[in-house]
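A look at the structure
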Amino acid sequence: MKKLIVFGIAMILSFSLPLMAFAQSISPDVAAVDIFNLQAYFVSIAAMAGVILPVTSFVNKLFKLTGAWKQVLSWAVAVGLGVLAWLLKWGIMADVDWYWMLLYSALAGLVANGLFDIPAIKIILQLLKLEVKVE
């Protein structure tokens, strides 16, 4: 029965996806700048985190950093991109003061680094003395 349901869903998707592709159209008056809009990457902290990761990996390939230096690099890239967006008045950085720009950039760097990864949660639990010891 499961195979029949999966087959039915696959058939529906295989027939509906080409229809969606044919329904798209590109206006001839759209400039290349509108297609590649850099401001769209700075509309939220989550969108900024999506930009920080590839830029950090590109810079990391140049310098070949390891360990905690990768996180420091990610935070530096986050602040650097935040300053750039603030100077160009893009997205959430358009009408904010410099200290809000630093806060948004730091938060985007923390999100890009995985603020809630397992070692960070263990440290927070140890500081709050809430960690359950497994025996």
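Residues numbered from 1 in each chain as written. Predicted model: local features only at pLDDT ≥ 70, side-chain atom pairs only at ≥ 80, totals over all residues. Heavy atoms only, no water.

This paragraph deals with unusual backbone geometry. In most cases, non-glycine residues show a negative phi, while peptide bonds are predominantly trans. You will see that K64, though not glycine, has its phi angle at about 55°, which is positive. Given the relative accessible area of 65%, K64 is considered exposed. Within the chain, K89 stands out as a residue other than glycine whose phi angle is a positive 60°. By the secondary structure assignment, K89 is in the loop between α4 (68–88) and α5 (98–113). Overall, the relative accessible area of 52% leaves K89 in the exposed class. (Buried < 20%, exposed > 50% of the residue type's maximum accessible area, 1.4 Å probe, protein only. Helix = DSSP H or I, 4+ residues; strand = E, 2+ residues; numbered from the N terminus.)

With that out of the way, let us pick up the side chain of T56. For T56, the position within the fold is in helix α3 (residues 45–63). Side-chain polar atoms of T56 contact the backbone oxygen of I52, separated by 2.7 Å. Leave out the neighbours within four places in its chain, and T56 touches K70, L73, S74 and V77. (Polar contact = N/O pair within 3.5 Å; in protein donor to acceptor, adjacent residues only side chain to side chain. Contact = heavy atoms within 4.5 Å.)

Attention now goes to the packing of aromatic side chains. Summed over the entire model, instances satisfying the criterion amount to four aromatic pairs. Aromatic side chains W98 and Y99 sit 5.7 Å apart centroid to centroid with 85° between the ring planes, which places their arrangement in the edge-to-face category. Ring geometry for W100 and Y104: centres 6.2 Å apart, planes at 40°, overall tilted. Residue W100 and its partner Y104 are both found in helix α5; the two are separated by four residues, about one turn of the helix. The exposure class assigned to W100 is partly exposed, which follows from its relative accessible area of 40%. By relative accessible area, Y104 is classed as partly exposed at 23%. Linked through ring pairs, W98, Y99, W100 and Y104 together constitute an aromatic cluster. (Phe/Tyr/Trp six-rings, centres within 6.5 Å; stacked < 30°, edge-to-face > 60°.)

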